[in-house]
Amino acid sequence: MATPSALPAQNLARSGAIVVGSGLAGLSAASQLISHNVPVQLLERSAKPGGNSIKASSGINGAPTKYQPVSDDAFYTDTVKSAGKAMAAMTAHRETLISTLTNSSSAAVSWLVDTNGIDLSKVAQLGGHSFPRTHRGAGQTPPGASIVTTLLKALQGSPLFQLQTSCTVTKVLQTGPRVTGVEYACENGEKKELHGPVIFAAGGFAGDAEGMLAQYRPDLAGYPSTNDPRPGTQPLLTAIGAQLLDMDLVQVHPTGFVDPANPSSPLKFLAAEVLRGEGGLLLLDGKRFIDELETRENITNAITAHPPTSKTPRQWTVQLVLDEGVYSAAKSHIDFYVWKGLMKKTKISDLGAEALDSIRQFANAASGKNADPLHRTAFANWTLTDVAPESVVYIGTVTPVVHFTMGGVLINEKAEVLKEGGERIEGLWAAGEVTGGVHGGNRLGGSSLLECVVFGRIAGSQCSGYLPA
Ligand SMILES: Cc1cc2nc3c(=O)[nH]c(=O)nc-3n(C[C@H](O)[C@H](O)[C@H](O)COP(=O)(O)OP(=O)(O)OC[C@H]3O[C@@H](n4cnc5c(N)ncnc54)[C@H](O)[C@@H]3O)c2cc1C
């Protein structure tokens, strides 16, 4: 497929399209291209395909769907509300991106379920949503893993699909203003070129702690992340004039597990929100410090108001404490975390005398004996009342982690990458977390997988239309 860079447009069909990144955005784009009989070369820098998409655990938004049949205009308004103050700038452009996202959500879920046979039959309501609309499967496999593995398997069955892993794209090639391919390097470091139109689906920069995070959010430099520690790739696109948007808008999650076997790893496993929701409490230096059901942002701010316990990575030592009641309600999660060594079953005495008092106070509030001094009013499945040093608890150490980057390259509703001034860059599309503007200041849970499918498929269709038949 390597051809001279001055490839005439009429020859592009023979060489097909290039997709950069094998997460959900890249796989959705590739699937769409293949459905139009366009050959696809997918380049992935990791040894294993799937990106951060394969880790997604809560699900994908869609409404209405066969599992959430209520016609749901509120999805658009919920998204605008969550985007917050960012909507004040480029308002019309953002509104178009958001309506494209929400109006296409029904078709996106249907494509995964009906065309690709993926189970998404369970629907939950996550924070910031006015209705349940986040879909996952009924079985044990998390939604990211089931979606990614199913799409990848289908692609690998096509003679038109070629995946090269451990190959990093290092430059976008142009002939005049038109994008005509990429330069890339595989394990032996030798630079090669591929020629054709390009869909960029290279993900976000949450794992780029000392690079792009330090540049755009110096206050978050050195933070651990739920994303692999890798450089962000937007600079490859700004090098050819792409406009950036919302680069300082970054989602921090208050609870990533500090693995006792590797406490200084920059990569952390997410401690699911359900643990706090089902009745878990948080301790810092043996004391509670906030209503654990507060927003992610408020909990993070309450933790980071204290000095960090480690500078590399920049992290805090917060204890997440659950009792047997919470364990029963979130058993499958907790069994998994215990199996991974991220939580342990132990006695309260393990946490020290101050923790005993704090847990006793929490239990009194949960049982209605006293009001909670931190104003928590819902305790879900916490059942322990007679708190004693030998009472059984499940504990894990957690710290705030950088989780998602809202900013990225500016696209339009056709997933075309735009320059300053709004002019499109011919031959280049982008989808997924590498783009900015779809979520504004705060992404709703479940909307990232959705943007990958919606804009990935749009990019695939647009790119196939660009190639001569
Ligand atoms: C633990 C966790 C749980 C999450 N849960 C949810 C959830 O339940 N619902 C939801 O909607 N969102 C969730 N998210 C967010 C969501 O998973 C991601 O934002 C989304 O999957 C991003 O998909 P993507 O295809 O844009 O990028 P990715 O899936 O990150 O894929 C990008 C790929 O591009 C490759 N790449 C990058 N640069 C290059 C290069 N130069 N050359 C070649 N390859 C390159 C990367 O190696 C990577 O494989 C979660 C995220 C995490 C980390």
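Our structure's up above, just so we're on the same page.
Conventions and cut-offs
- Residues numbered from 1 in each chain as written.
- Predicted model: local features only at pLDDT ≥ 70, side-chain atom pairs only at ≥ 80, totals over all residues.
- Heavy atoms only, no water.
- Helix = DSSP H or I, 4+ residues; strand = E, 2+ residues; numbered from the N terminus.
- Expected span 1.5 Å × (residues − 1).
- Buried < 20%, exposed > 50% of the residue type's maximum accessible area, 1.4 Å probe, protein only.
- Near = heavy atom within 4 Å.
- Polar contact = N/O pair within 3.5 Å; in protein donor to acceptor, adjacent residues only side chain to side chain.
- Areas by Shrake-Rupley, 256 points an atom, 1.4 Å probe, with all protein chains shown as cover.
- Salt bridge = Lys/Arg side-chain N within 4 Å of Asp/Glu carboxyl O.

Q: Is there a simple way to explain helix 13 (residues 353-366) in this structure?
A: Two residues of an α-helix separated by three or four positions point the same way, owing to the 3.6 residues in each turn. Along its 14 residues, helix 13 runs 20 Å from first to last C-alpha, staying within 8% of the 20 Å computed at 1.5 Å per residue. Taken together, the buried positions of helix 13 are Ala 355, Leu 356, Ser 358, Ile 359, Phe 362, Ala 363, Asn 364 and Ala 365. Among the residues trailing helix 13, Gly 368 stands out with phi positive, at a value near 90°.

Q: Even after reading the chapter, I still don't get the site of the ligand, so can you show me in this structure?
A: The environment of the ligand is made up of 38 residues, and the closest members are Glu 44, Ser 53, Ser 58, Glu 433 and Ser 448. For the ligand, an oxygen atom lies 2.5 Å from a polar atom in the side chain of Ser 53. Backbone polar atom of Leu 449 to an oxygen atom of the ligand: 2.8 Å apart, as the coordinates give it. Coverage of the ligand by the protein chains reaches 96% of its 1000 Å² of free accessible surface. Where the shell around the ligand is concerned, the elements lending two or more residues are helix 2 (24-35), strand 7 (168-175), strand 19 (392-405) and helix 14 (447-466).

Q: Hey, could you run me through the pattern of salt bridges in this one?
A: When their charged atoms lie close together, side chains carrying opposite charge are able to pair. Here the structure, examined in full by the defined rule, presents 16 salt bridges. As a salt-bridge pair, Arg 133 and Asp 78 come within 2.9 Å of each other at their nearest N and O atoms. Here Arg 133 is found in the loop between strand 4 (122-124) and strand 5 (134-136), whereas its partner Asp 78 is found in helix 3 (residues 74-83), with 55 residues between them in sequence. The class for Asp 78 is buried, based on a relative accessible area of 8%. When the shortest N-O distance is used, the salt bridge between Arg 424 and Glu 416 registers 3.6 Å.

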